Amino acid sequence: MWSAGCGRAAGPVLLGLLLALLVPVSGASKTGAGPVTCGSVLKLFNTQHRVRLHSHDIKYGSGSGQQSVTGVEASDDANSYWRIRGGSEGGCPRGSPVRCGQAVRLTHVLTGKNLHTHHFPSPLSNNQEVSAFGEGGEGDDLDLWTVRCSGQHWEREAAVRFQHLGTSVFLSVTGEQYGNPIRGQYEVHGMPSANTHNTWKAMEGIFIKPSVDPSAGHDEL
């Protein structure tokens, strides 16, 4: 049985405050060119199954029992916003472009939990369960994901992969859909190999303007 947590009335207010504090990109209607930067709030779009990474205050009825992570087709759902954060204190300064190969945390804006995976089977496909974990953006080492992309930085127009630092799986969707109480939402899970099911693009969001010239320097982790 799935379980729902108590409602978080402050969620929409928190989202509004966060978005108000961020510096928007140009007024273009599309996502536009440029790097994804630390501190930005965005939605992630799976290019194969055309769903956005999503979470909500509903827990898995099996496996870890942690907050569930799914994919949704809707583009206007506030529960699909994630904030890009560093893997350690000061590891991702606000406005710095995210480097290819950099470890980041993806924090769900409305619940404050981090994208997480561990050795539990996912409910539908029996791949590795992906959940949202922690409180107020603080979780553990299994919240770290390496951005796999070509070039020096994660570009907003480019497809990228997220490989889990602790277990090496890739954040994926393969098309399985849930029934009630989240009917029609897609299972999100971890897969051991890179393939067409685990490519993602930055979509709607508010992007911090780069604090440094992305073309300057060639530092790598």
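Each remark here, short or long, concerns the structure printed above.
Okay, so let's go over this structure.

Rules used in this analysis
Every chain is numbered independently, its residues counted from 1 as its sequence is written. The predicted origin of the model limits local features to residues at a pLDDT of at least 70 and limits the giving and counting of side-chain atom pairs to 80 or more, whereas totals for whole chains, interfaces and linings rest on all residues. Processing note: side-chain calculations cover all non-hydrogen atoms of the structure and skip hydrogens and water entirely. By definition, a salt bridge exists where a carboxyl oxygen of Asp or Glu is found within 4 Å of a side-chain nitrogen of Lys or Arg. Only DSSP runs of H or I reaching four residues or more are called helices, and only runs of E reaching two or more are called strands; each is numbered from the N terminus. Relative accessibility under 20% of the residue-type maximum defines a buried residue, over 50% an exposed one, and the middle range a partly exposed one, all with a 1.4 Å probe and only protein chains included. Here, the term disulfide refers to a pair of cysteine sulfur atoms separated by no more than 2.5 Å. To pair, rings of Phe, Tyr and Trp, with the six-membered ring standing in for Trp, must have centres within 6.5 Å; the planes then decide the type, stacked if under 30 degrees apart, edge-to-face if over 60, and tilted in the middle. Charges are assigned to positions over rings by a cutoff of 6 Å between ring centre and Lys NZ or Arg CZ, combined with an angular limit of 35 degrees from the ring normal.

1. Some remarks on the pattern of salt bridges
Okay, step 1: Under the criterion given, the structure shown has 5 salt bridges.
Okay, step 2: Here Glu138 ties to Arg105 by a salt bridge, and the two come within 3.8 Å at their closest N and O atoms. Of the two residues, Glu138 sits in the loop between strand E8 (128-133) and strand E9 (145-148) while Arg105 sits in strand E6 (residues 103-108), which places them 33 residues apart along the sequence.
Okay, step 3: A relative accessible area of 12% places Arg105 in the buried class.
Okay, step 4: Among the ionic pairs, Glu135 bridges to Lys113, the shortest N-O distance being 2.8 Å. Of the two residues, Glu135 sits in the loop between E8 and E9 while Lys113 sits in the loop between E6 and strand E7 (114-121), which places them 22 residues apart along the sequence.
Okay, step 5: For Lys113, a relative accessible area of 10% puts it in the buried group.

2. A look at the state of the cysteines
A disulfide bridge is the covalent bond that connects two cysteines by way of their sulfur atoms.
Okay, step 1: Tallied over the entire structure, the rule returns 2 disulfides.
Okay, step 2: What pairs with Cys100 in a disulfide is Cys149, and their sulfur atoms sit 2.0 Å apart. Measuring the twist about the S-S bond at about -120°, one finds the Cys100-Cys149 disulfide to be left-handed. In this pair, Cys100 is assigned in the loop between strand E5 (82-86) and E6 and Cys149 in the loop between E9 and strand E10 (161-164), connecting sequence segments 49 residues apart.
Okay, step 3: Relative accessible area serves as the criterion here: at 9%, Cys100 is assigned to the buried category.
Okay, step 4: When its relative accessible area of 22% is taken as the criterion, Cys149 is described as partly exposed.
Okay, step 5: If you count the bonded cysteines of the protein from the N-terminus, they pair up as 1-2, 3-4.

3. Notes on the packing of aromatic side chains
Okay, step 1: Tallying each qualifying case throughout the model produces 1 aromatic pair.
Okay, step 2: Aromatic pair Trp154 and Phe162: ring centres 5.4 Å apart, planes at 75°, arrangement edge-to-face.
Okay, step 3: A residue is classified by how much of its surface remains accessible, and Phe162, at 0% relative accessible area, is buried.
Okay, step 4: Of note, Lys43 hangs over the ring of Tyr81, and the distance from its end group to the ring centre comes to 4.7 Å.
Okay, step 5: Lying over the aromatic face of Phe207, Arg156 brings its terminal NZ or CZ to 4.6 Å of the ring centre.

4. Description of unusual backbone geometry
Okay, step 1: Cis peptide bonds are those with omega within 30 degrees of zero, and the linkage from Asn180 to Pro181 qualifies with 10°.
Okay, step 2: Here Pro181 lies in the loop between strand E11 (170-177) and strand E12 (186-191).
Okay, step 3: Positioned with a positive phi, Ser168 is a non-glycine residue whose angle comes to about 75°.
Okay, step 4: Counting through the fold element by element, Ser168 comes out in the loop between E10 and E11.

5. Points about the environment of Lys209
Okay, step 1: Position of Lys209 relative to the elements: it lies in the segment after strand E13 (200-206).
Okay, step 2: Between the C-alpha atom of Lys209 and that of Thr37, which follows or precedes it by 172 residues, the distance is 7.3 Å.

Interpretation in functional terms is not warranted from these geometric data alone.
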